[in-house]
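Descriptive structure summary
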Amino acid sequence: MFSLYEIVAIDHDFRFVALAIGICALASLTGVAIAQHSMKPHPRASRLFWLVLAGSIIGLGIWATDFTALLGFRTDLNPRFDLLFTALSLVISASLIMIGGVTVLSRRDRGTLAGAWVGAGIAVTHFMNMNALRVPGSIVETNLVVVVVAAACGIVLAGCGGNLLVRFRDEVFAWPAAVMLFFAVLVTYLVAMSGVTVLPGDPSPDLDWTASGAQLAWAVVTAFLILLAAVIVYTLQAERAARRIAKEHAQLQKALAELKESQRHHRAYVELSPQIAWVADPDGNITEVAPRWGDLVGQSPESAIGYHWMTYLHPDDLPSTTLIWRRALLRGGDEGLDVRYRVRLAEGNYRWFRARARPRRDGSGKILAWYGSLEDVHDQVVAELALRDSEERYRLAALATNEVIWEWSFDLQQATWSGAYMDVLGYPELAQQTGLEWWLEHIHPDDLPRVLASQEHALKNGADSWSEEYRFLIASGDWIDVRTRCVIVRSGSGEPTRLVGSMLDITQQKRAEAELNWAAFHDPLTKLPNRTLFRIRKKAAIDAARDTGKFVALIVLDLNDFKQVNDTLGHSAGDYILEETAKRLRACVAPDVTIARLGGDEFAIILPNLSSPQDYTEPMARIGAILGKPISFQNMHVQIRHCAGVAFWPRDGEEIADLLIAADLALYAAKSGVPGTVVEFDPSLRDASERRAGMLAAAKLALEEDRVVPYYQPKIDLQTGHIIGWEALLRIRKESIHILPPSEIAAAFSDAEIGVQLTDRMFSKVLSDLASWHAQGIDVGRIAINLSGGDFRQQGLSERVRSLAEQSGVTLDHIELEVTETVLIGDFGHEVSRELQALRDWGALVALDDFGTGYASLTHLQQLPVDVIKIDRSFIEKIDSTDLKATTVIDAVVQMAKRLGIQTVAEGVETWEQVRYLKASGCSIVQGYLFSPPISATKVPDFLTSTEPRRALAH
């Protein structure tokens, strides 16, 4: 029996021993390095990864070291190894140490326990490998005492290594821990092998499932390669870590450099800033001040240290400034410091400055220092003082007016009232200040959101003024319309501090505008919607039907022989019949049905929300029945007949305009039948389009054959009886003695191409006539020429007109341009205004034709380029009526025009009563068949020399 100690000392192959030592050293160094790396700050997942890797490397290294040494033991005895135990030894070694290391080292202060666990793993690995050893012809026995001693040595040495790993974890490398682990492995192996005895035994043991050392060398090589790979992985990681540290160091150096540069920038900013920065201690003593203070007061910056800065303050400002500063110190800086005072400059004069400061606190809230700035606000304060003087003058002036003057303070959240508040509002409490709630409570609830939104927009967007119109509750309980305007006073930072303004009662103005607006959308005689409102209602009904899938019926109704009634019974009877017809129509239809007067004796009825086209028959029957009853007028029974045309949306036309055309065509067909006929539109009625085509063709032919001529109707000054101008009206010369009215080619005026050609031809003819008259020394005044919407659809109208005038040698000072309300404020309103303004700049005047039949308002007249208003003949013809309301619009228009400095022309004057009324109302110019029908250019000179207009006015 040989001693294993002697076998180790004598019979080991030192090549395997050296290899085992190398593997042990490599595993110890690599495993400890990786374990040390896992103890650095990492996310939990990353830390677990490094712990698993360290445990695996150490376990594999221990197994490879022990197994490599056994491979070099007594190769002459041809030892073999049990494959099952060998595999179990490898798995248990790596798993045991990895699991123990991860579990124990999850807390960084358990290094000793982790090392002891590794020591136990060393012992288990060795004895598993020993159990795998098979020596043919021998029996291997183990001394248990030596086994315990070997295990204890390994555990103690490895535990010391774990302790050293924790102690040296922040060093570059915890090499003492690696040394202790290295010796733990070797000592455990040597001591344990000394307790092993090899005895003779069965010469032919069971060697199934065994392998020789040479056959298992691949396992050692694999373990070595794994260890080598781990070294490479860790080396790369260490390299990356080093680069990262270097990069962080470079970033730190750059940050320090940027900080220094920032400090230099800040120092330069403080020195160059128009504001003077300063610092004070918690008691308010100035400790630092920017150098600009010295330049300002003519002394060194140190002259402001402590409380010496107050010696430069204006004596009147010193008490209040001292009080505000002390109050800020006592309150602990919760509200900061904000004060304005005057500072004595080096030149001896005083200038206004604003001082602001905030405290800097430590973690407990204690004030460490005050940081502040001094800003020059002299110009702002001077402007505010001037504004206050202006406001005072304004208040005094307001005493003589009917305006309510008010001032709102954002600091006090109070309003001060003056002026005519008792006369306008009637609230005695306005002699005292009021809060915001008082104002809000007296604004009409429907107007309040809009008023608040408008004011907020002005305050937040830097506006210097604000105005709004709304309804306001007065002391009597009535609502009045007011216009509020104010100036917004702001601080140096742009924040609003005060509002100073007035409130004006505009109830009467609103009422007048409402009446004008009503007149623009309603027929003054029947009080029904006019053509403009009819178009709006028709579009709304079709839009609603488009959403619901319903039908809309459009009925156009005409009174038969109405002209005969006017001629036989007079216009008063005709007006009465129209009014009574309107009343009857309103009485027999539902509230959602629109009835409009389109003009003359023509009415339109919109029946919305029909399930089928035939649903119109029931209301149409009621209409026929009620209109069939005679109308009583001055003890007479007047029988009025009617006819109607009906068209349906969408059956007879998708477009709104097409629907009205279809209904008109049906009405035209109904007029050819007996009274009371109602005709539904049929596609065969499209012959109207042929008539339009005929009109266009006639217009083209008239242009080609030069048969378009102007006829002139004089405009008479009511005060002097003189002819002050003419209106050029288009006529068509058919034969030498036949003159056709423009209605023969009416469709051509709406054509974009032909309409422009007709206008250009009229301008050319009129300008030629003007040049001829001027050459004869005849002053005809201004010539008015009508423009249609089509003239503005092509750009360059003003240039074309000016070019024609230059070719004729006539200036535009002799031209007046007439446009209707629809053209002036229609879809091309902006282009129309621009072109007309250009023509006005060159001397022409602009007249608003047929005023009152469209929807121009007072606002439009103030904004648009209008010099003359022509009152529509539909209003003039009502002057003879006994209805006093019929002249309301005329009076309003004339008075409004006078205030705006606009001339008024009444067209369609046919009776002396109309002349007398217009002259009395202040209308300046009239035009109509009473004085003259349109005449040819050759008759104008003779008419100018006649005395008929003056004689007529003297009538």
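Residues numbered from 1 in each chain as written. Predicted model: local features only at pLDDT ≥ 70, side-chain atom pairs only at ≥ 80, totals over all residues. Heavy atoms only, no water.

We now examine the overall build of the protein chain. For the protein chain, the count of helices and strands is 32 helices and 32 strands. Classification of the 955 residues of the protein chain by burial places 47% in the buried group. Taking as baseline every contact in the protein chain between residues at least 6 positions apart, the subset at least 24 positions apart corresponds to 65%. (Helix = DSSP H or I, 4+ residues; strand = E, 2+ residues; numbered from the N terminus. Buried < 20%, exposed > 50% of the residue type's maximum accessible area, 1.4 Å probe, protein only. Contact = heavy atoms within 4.5 Å.)

Moving on: the packing of aromatic side chains. Counted under the stated rule, the structure contains 14 aromatic pairs. On the numbers, 5.4 Å between centres and 80 degrees between planes, the contact of F182 with F183 is edge-to-face. In this structure F183 comes out as partly exposed when scored by relative accessible area, which is 41%. With 5.9 Å between their ring centres and 70 degrees between their planes, W726 and F943 make a pair best called edge-to-face. Placement of the pair is W726 in strand β25 (residues 723-733) and F943 in helix α31 (residues 940-945), with a sequence separation of 217 residues. Residue classification places W726 among the buried positions, given a relative accessible area of 0%. The buried category is assigned to F943, whose relative accessible area is 12%. In this structure an aromatic cluster arises from ring pairing among W417, Y427, W438, W439, Y470 and F472. In this arrangement the basic side chain of R802 is found over the ring face of W842, its NZ or CZ atom lying 4.2 Å from the centre. (Phe/Tyr/Trp six-rings, centres within 6.5 Å; stacked < 30°, edge-to-face > 60°. Lys NZ or Arg CZ within 6 Å of the ring centre and 35° of its normal.)

Running from N to C, helix α22 (residues 752-775) and helix α24 (residues 797-808) point in directions that differ by 30 degrees, and their axes come no closer than 9 Å. On the basis of the axis angle, α22 is roughly parallel to α24. The hand of the α22/α24 crossing is right-handed. Taken together, the residues of α24 that come into contact with α22 (itself represented by V756, D760, F763, L767, S768 and A771) are R800, V801, L804, A805 and S808. Looking at side-chain class alone, the contact of α22 with α24 contains seven nonpolar, two polar and two charged residues. (Axes fitted to C-alpha atoms, helices over the stretch in contact; angles between N-to-C directions. Parallel < 35°, antiparallel > 145°, perpendicular 65-115°, else oblique. Left-handed = near helix turned anticlockwise from the far one by under 90°. Nonpolar A, V, L, I, M, F, W, Y, C, P; charged D, E, K, R; others polar.)

Inspection of the sheet shows strand β12 (residues 404-409) paired to strand β13 (residues 414-419) by six bridges, in the antiparallel sense. In the strand pairing of β13, W408 is matched with A415. The turn linking β12 back onto β13 is made up of four residues, and Q413 within it adopts a positive phi angle of 55 degrees. (Pairing = 2+ DSSP bridges.)

Another point: the pattern of salt bridges. Taken as a whole, this structure holds 33 salt bridges when the rule is applied. With a closest N to O distance of 3.3 Å, D760 and R800 form a salt bridge. You can see D760 sitting in helix α22 and its partner R800 sitting in helix α24, a full 40 residues away along the chain. Under the relative-accessibility criterion, R800 is labelled partly exposed at 21%. When salt bridges that share partners are traced, they join D447, R450, E468 and R471 into one network. (Salt bridge = Lys/Arg side-chain N within 4 Å of Asp/Glu carboxyl O.)

Glancing now at the pairing of β12. With respect to burial, β12 is a largely interior element, six of its six residues being buried. A two-sided burial pattern is seen for β12, the buried positions comprising V404, W406 and W408 on one face and I405, E407 and S409 on the other.

So, on to the environment of G435. Tracing the sequence through the fold places G435 in the loop between α12 (421-424) and α13 (436-441). Residue classification places G435 among the partly exposed positions, given a relative accessible area of 26%. Beyond its immediate chain neighbours, meaning those up to four positions away, G435 contacts W408, Q413 and Q414.

The strand order across the open sheet built from five strands is β18-β19-β17-β22-β23, with neighbouring strands paired in mixed fashion. Two strands lie at the open edges of the sheet, namely β18 (594-599) and β23 (678-680), each paired on one side alone. Adjacent strand axes in the sheet meet at a mean angle of 20 degrees when their direction is disregarded. Where strand β22 (residues 642-649) lies against β23, three bridges are found, and the strand directions are parallel. Across the sheet, the residue bridging to V646 is E680, located in β23. Sitting on the sheet, helix α16 (residues 531-548) touches β17 (551-559), β18, β19 (602-610) and β22, and the angle it makes with β19 is about 20 degrees.

What follows covers unusual backbone geometry. Omega for the bond connecting W649 with P650 falls within 30 degrees of zero, at 5 degrees, which places this linkage in the cis form. Inspection of the secondary structure assignment puts P650 in the loop between β22 and α20 (656-671). The phi dihedral of K527 falls on the positive side, at around 65 degrees, and the residue is not glycine. Taking the relative accessible area as the measure of exposure, K527 reaches 34% and is therefore partly exposed. Positive phi, close to 55 degrees, is recorded for D706, a residue that is not glycine. Note that D706 resides in the loop between α21 (687-704) and β24 (708-717).

Let's shift gears to a nonpolar patch on the surface. Together, L84, L88, I92 and V124 make up a nonpolar patch on the protein surface, roughly 310 Å² of accessible area in all. By residue number, the principal contributor to the nonpolar patch is helix α4 (residues 83-104), which donates three residues. Inspection of the secondary structure puts V124 in helix α5 (residues 111-132). (Patch = residues over 30% accessible without salt bridge, like charges linked within 9 Å, V, L, I, M, F, W, Y side chains within 5 Å. Areas by Shrake-Rupley, 256 points an atom, 1.4 Å probe, with all protein chains shown as cover.)

Within the secondary structure, R490 is located in strand β15 (residues 479-490). Buried and unpaired, R490 has no salt bridge, with E495 as the nearest side chain of opposite charge at 6.2 Å. Only 2.9 Å separates the side chain of R490 from the backbone oxygen of A463, close enough to count as a polar contact. Excluding its chain neighbours within four sequence positions, the residues that come into contact with R490 are Q380, E384, A458, L459, G462, A463, E495, P496 and T497. (Lys, Arg positive; Asp, Glu negative; His and termini not counted. Polar contact = N/O pair within 3.5 Å; in protein donor to acceptor, adjacent residues only side chain to side chain.)

Looking now at the sheet that holds strand β7 (residues 276-280). In spatial order, the strands read β8-β7-β11-β10-β9; together these five strands make up an open sheet with antiparallel pairing. A single partner strand is all that each edge strand has here, and the edge strands are β8 (286-289) and β9 (337-344). Direction aside, the axes of adjacent strands within the sheet are offset by 25 degrees on average. As judged from the five bridges shared by β7 and strand β11 (residues 367-376), these two strands associate in the antiparallel manner. Note on β11: the bridge partner recorded for A277 is S373.

As a further point, take the nonpolar core. Of all hydrophobic cores here, the largest spans 74 residues; its most connected members are L836 and L918. With eight residues, the top contributor of residues to this core is α22. Apart from residues no more than four positions distant in its own chain, L918 is found in contact with L718, I876, I879, I890, A906, V909, C923 and V926. With 31 residues, the next largest nonpolar core counts A553, Y616, I623 and V638 among its residues. (Core = buried A, V, L, I, M, F, W, Y, C linked by side-chain atoms within 4.5 Å.)

Once that is clear, we can look at the environment of L528. For L528, the location among the structural elements is in the loop between α15 (507-521) and α16. Put simply, L528 and I595 are 67 residues apart on the chain and 6.6 Å apart in space, counted from C-alpha to C-alpha. Those residues in contact with L528 that sit more than four places away from it in its chain are F521, H522, D523, A582, R586, I595, A596, R597 and F603.

So, about helix α30 (residues 912-921). Residues of α30 that are buried include every one of Q914, V915, L918 and S921, and no others. What you see down the axis of α30 is that its buried residues fit within an arc of 135 degrees, all on one side. Of the residues in α30, the exposed ones pointing more than 90 degrees away from the buried face are R916 and A920. Backbone geometry just after α30 places G922 at a positive phi near 105 degrees. (Arc of directions from axis to C-beta.)

Here we take up the packing of α5 against helix α6 (residues 144-167). Running from N to C, α5 and α6 point in directions that differ by 145 degrees, and their axes come no closer than 6 Å. Crossing handedness for the pair α5 and α6: right-handed. Of the residues in α6, those in contact with G111, T112, G115, A116, V118, G119, A120, A123 and F127 of α5 are V147, A151, G154, I155, A158, G159, G162, N163 and V166. Considered class by class, the residues forming the contact of α5 with α6 number ten nonpolar, eight polar and no charged.

The next point concerns the side chain of S502. Following the sequence through the fold, S502 ends up in strand β16 (residues 496-505). A distance of 2.9 Å separates the side chain of S502 from the side chain of E403, its partner in a polar contact.

The values are spatial; any link to function lies outside them.
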